[in-house]
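So you can see what is in the structure, the chains are spelled out below.
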Amino acid sequence: MTAESSRLFGPGRSIWFTLAWAVPVAVLALAGAVLAAKGIRALPAVESFLVDYPGASPLPAWAPVGFPAWLAWQHGLNVFFILFIVRSGWQVRTAGRPTTFWTRRNTGALRTRRAPTRMGINLWLHLTVDLLWVLNGLVFYVLLFATGQWVRIVPVSWDIVPNAVSAAIQYASLGWPVGDGWVNYNALQTLSYFSIVFVAAPLALATGIRLSPLWTSRRLSKLIPLAPTRVVHVGVMVFFLVFIAVHVTLVLATGALRNLNHMYAATSGDGWTGFWIFAASLAVMVVAWFAAGPRLLRAVASLGGTVTTR
C-alpha cells in the first residue's frame, strides 16, 4: 500500500472476509426488524400514533410542487460523479504502489511558490472527480435556495421527528407510507436528504481536503490529526453507500416508473420517459467505467500536468 493511499484510507482489510459475515448478519437483522415492526404496528397505541402522525410534515403554502428540470440533471451528474469518486477512492486504497504519477504544471494562473506535489494517477483522478462533484454541488446549493426547493428537504417544524418515527415503522413493516413525492417527501426522506446534502457532503469535502496531499499547513495539521479525519472520511463514504443502496431499493420497490419520472424526467405520472433517461444514463456510466483505463487517464491527465512512470 502506498503512503498516499494509507494517508487517505488507512490500513486495508479483506473485503471478502468482511462480506462473509456482514451479509448474513445484515439479512438476519433485516428479517428480525421486519417481524418486530409488524408486531409493533399491530399494537393499538401504535395504530393510534400512526393515525396522528401519518409520516409526513405539512409544507408551507408557498412550497413549490414538483421537480424542476435542473434538479433532474443535477441528480444525474451527481450519480455519475459519486460512482467515480468511489471507484477511484477504492483504487487508491487497493492498487498498491502507483506506477504512473501526475505533477501539475506550475505555470500560468495556477503558479505557486512551492513545487507542485507529485501524486499517483488514481489519486489525481479521485481529486479531479471530487472537484467536479464540488462544483456541481455548489450549483445545486445556489439553485436549491433560489427556487425554494430547499423547503422540501430542510425540516421546518418539530413534528418531523414523530412523523419520521411513523415512516420508519411503516417502511420496516413493509407497509410503505402513503404519499406523493412529487408534492411532499415523507419525514424520513426529508431527514435523509437533509443529512446527505447538509451534513455528509460537507463532511466529505472537509475531511477530503485534510487528507489530500495538497494540504500543507503544519500548524493546522496539529489541530486536525490524520487518524480521526480518516475515520470520518471513510465513515462518510460508507454512509453514502448505505444511503444509495436503500435509496435505489425503495425507488424500485415503491413505484419505479413514477419515481424515475420524478428523478430523471422532472414529470409526474407512470410513463416510461424517466426509465429511458435512466437507462441511457446507466449506459453512459458503463461506457465511461470501461473507457477510463490507464491510457485514457494518462491522456486526460497530461492536459493539465506532466505524467511520468516510476
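Thresholds, definitions, all that
Residues numbered from 1 in each chain as written. Predicted model: local features only at pLDDT ≥ 70, side-chain atom pairs only at ≥ 80, totals over all residues. Heavy atoms only, no water. Core = buried A, V, L, I, M, F, W, Y, C linked by side-chain atoms within 4.5 Å. Buried < 20%, exposed > 50% of the residue type's maximum accessible area, 1.4 Å probe, protein only. Helix = DSSP H or I, 4+ residues; strand = E, 2+ residues; numbered from the N terminus. Contact = heavy atoms within 4.5 Å. Polar contact = N/O pair within 3.5 Å; in protein donor to acceptor, adjacent residues only side chain to side chain. Axes fitted to C-alpha atoms, helices over the stretch in contact; angles between N-to-C directions. Parallel < 35°, antiparallel > 145°, perpendicular 65-115°, else oblique. Left-handed = near helix turned anticlockwise from the far one by under 90°. Pairing = 2+ DSSP bridges. Patch = residues over 30% accessible without salt bridge, like charges linked within 9 Å, V, L, I, M, F, W, Y side chains within 5 Å. Areas by Shrake-Rupley, 256 points an atom, 1.4 Å probe, with all protein chains shown as cover. Salt bridge = Lys/Arg side-chain N within 4 Å of Asp/Glu carboxyl O.

Peer 1: What's the story with the nonpolar core in this structure? I'm lost.
Peer 2: When a protein is soluble and globular, its nonpolar side chains tend to lie buried together. Within the largest apolar cluster, 36 residues are counted, with the highest numbers of intra-cluster contacts made by W124, W133, I153 and F240. Mapped by element, the contributors of at least two residues to this core are α4 (69–94), α5 (121–146), α7 (187–211), α9 (226–253) and α12 (294–301). The dominant element in this core, judged by the number of residues it contributes, is α5, at nine residues. Not counting residues within four places of it along the chain, the set of residues in contact with F240 comprises I82, W133, I196, A200, A201 and A204.

Peer 1: Teacher, can you tell me more about the side chain of Q170 here?
Peer 2: Along the chain, Q170 turns up in helix α6 (residues 160–172). Within the structure, Q170 has its side chain in polar contact with the backbone oxygen of P54 (distance 2.9 Å). Apart from the residues lying within four places of it in its own chain, the contact partners of Q170 are R41, L50, P54, G55, G175, W176, P177 and V178.

Peer 1: Quick question: what am I supposed to make of the packing of α4 against α5 here?
Peer 2: For any two helices packed against each other, the geometry is given by the interaxial angle and the distance between the axes. For the pair α4 and α5, interaxial distance at closest approach is 9 Å and the crossing angle is 155°. Comparing the axis directions of α4 and α5 gives the class roughly antiparallel. Where α4 crosses over α5, the two elements pack in a sense that is left-handed.

Peer 1: Would you take a moment to explain the packing of α5 against α7 for this structure?
Peer 2: Look at α5 against α7: their axes get within 12 Å of each other, and the N-to-C directions meet at 150°. In terms of their interaxial angle, α5 and α7 are classed as roughly antiparallel. For α5 against α7, the interelement crossing comes out left-handed. Only V197, F198, A201, P202, A204 and L205 of α7 make contact with α5, whose side of the interface consists of W133, V134, F140, Y141, L144 and F145.

Peer 1: Even after reading the chapter, I still don't get the sheet that holds strand β2 (residues 119–120), so can you show me in this structure?
Peer 2: Sheet strands pair by backbone hydrogen bonding; their relative direction is either parallel or antiparallel. One open sheet accounts for three strands, arranged β2-β1-β3; its pairing is antiparallel. Edge positions in the open sheet fall to β2 and β3 (305–309), since each of these has one partner strand only. In terms of strand pairing, strand β1 (residues 100–104) meets β2 through two bridges, oriented antiparallel. Directly across from F101, in β2, lies its bridge partner G120.

Peer 1: Any chance you could explain a nonpolar patch on the surface here in plain terms?
Peer 2: A contiguous nonpolar surface patch, about 360 Å² in accessible area, is contributed by L131, L132, L135 and L138. For L138, the position within the fold is in helix α5.

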